[in-house]
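# Notes for the structure review
One letter stands for each residue in the lines below.
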Amino acid sequence: MDVHTRIGADGQPESAVQVFRVLFVCLGNICRSVAAEHAFNAAVQAAGLADHVEADSCGTAAYHIGEKPDSRMLEALARAGFGYNGHRGRQFSRRDFEAFDLIVPQDDANYEEVIQKAHTPGEMAKVVPMSAWFPDDCPLHEVPDPYYGDKKGFDDVVALLVAATRQMANDIARAES
């Protein structure tokens, strides 16, 4: 994260920490990206970065704009100790490339959707798949979509995202120091 020097009202240099903004992306913004956002916010808080890092989530499709997350995901998040933050589904837009420093698609299809909307190498460089932070022993290469599965699938996704977002927060903390 960058710390920029600027001149304060008294004419003296002051340091201002720029907030690092992370966007999690899945298909409908009612399961995986919401879980990633919740898990990441907790990891950021635990790492002492809450004043310097913000997260949001969205979907590539317009299916669930304005809707609450899937009730099964909210239940899985509650079982993992996360409370609902009031999130409502929204769709990814080109403006997100300007608003966010890191854009994290949950699977290959959503990665391709986001990359296709990128216009510059800088925008493309902001897009990193969630799997970049999976534990080394994880056999998966993307976050599975639990939507058509059972309760265990939702719990497994939350557990995977808790581990991955903890690693993300640790990486951001190391980069900040």
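These figures come from a predicted structure and were not determined experimentally.

## With respect to helix 2 (residues 71-79)
- Along helix 2, the residues that are buried comprise M73, L74, A76 and L77. Taken around the axis of helix 2, the buried residues stretch over an arc of 160°, which confines them to a single face.
- Backbone nitrogen of R72 and a side-chain oxygen of the N-cap are separated by 2.7 Å at the start of helix 2; the cap is D70.
- Directly beyond the C-terminal end of helix 2, a positive phi value near 95° is found at G81.

## Some words on the sheet that holds strand 5 (residues 102-105)
- Here 3 strands make up an open sheet; going across it, the order is 4-3-5 and the pairing parallel. A strand with exactly one partner marks an edge of an open sheet, and here the two such strands are strand 4 (53-59) and strand 5. Put simply, the sheet's adjacent strands are angled 20° from each other on average, direction ignored.
- As judged from the 7 bridges shared by strand 3 (residues 20-26) and strand 4, these two strands associate in the parallel manner. Bridged to F20 within strand 4 is V53.
- Sheet strands in contact with helix 4 (residues 108-117) are strand 3 and strand 5, and its direction is about 140° off that of strand 5.
- Along the sheet, helix 6 (residues 151-176) makes contact with strand 3, strand 4 and strand 5, crossing strand 3 at roughly 155°.

## Quick word on the layout of surface pockets
- Put simply, the largest pocket is a space of about 180 Å³.
- Lining the largest pocket are C26, L27, G28, I30, C31, R32, Y63, H64, D145, Y147 and Y148.
- Residue composition of the lining of the largest pocket, by class: 7 nonpolar, 2 polar and 2 charged.

## Things to note about the state of the cysteines
- Applying the stated criterion to the full structure yields 0 disulfides.
- In this model C138 remains outside any disulfide bridge; the closest cysteine sulfur is found in C26, 17 Å from its own.

Reading guide: rules and limits
- Residues numbered from 1 in each chain as written.
- Predicted model: local features only at pLDDT ≥ 70, side-chain atom pairs only at ≥ 80, totals over all residues.
- Heavy atoms only, no water.
- Buried < 20%, exposed > 50% of the residue type's maximum accessible area, 1.4 Å probe, protein only.
- Helix = DSSP H or I, 4+ residues; strand = E, 2+ residues; numbered from the N terminus.
- Arc of directions from axis to C-beta.
- Polar contact = N/O pair within 3.5 Å; in protein donor to acceptor, adjacent residues only side chain to side chain.
- Pairing = 2+ DSSP bridges.
- Axes fitted to C-alpha atoms, helices over the stretch in contact; angles between N-to-C directions.
- Contact = heavy atoms within 4.5 Å.
- 1 Å grid on protein atoms, 1.4 Å probe; cavity = no way out; pocket = protein on both sides within 12 Å on 5 of 7 lines; lining within 4 Å.
- Points joined across faces, edges and corners; volume = space filled by probe spheres on them.
- Nonpolar A, V, L, I, M, F, W, Y, C, P; charged D, E, K, R; others polar.
- Disulfide = S-S within 2.5 Å.

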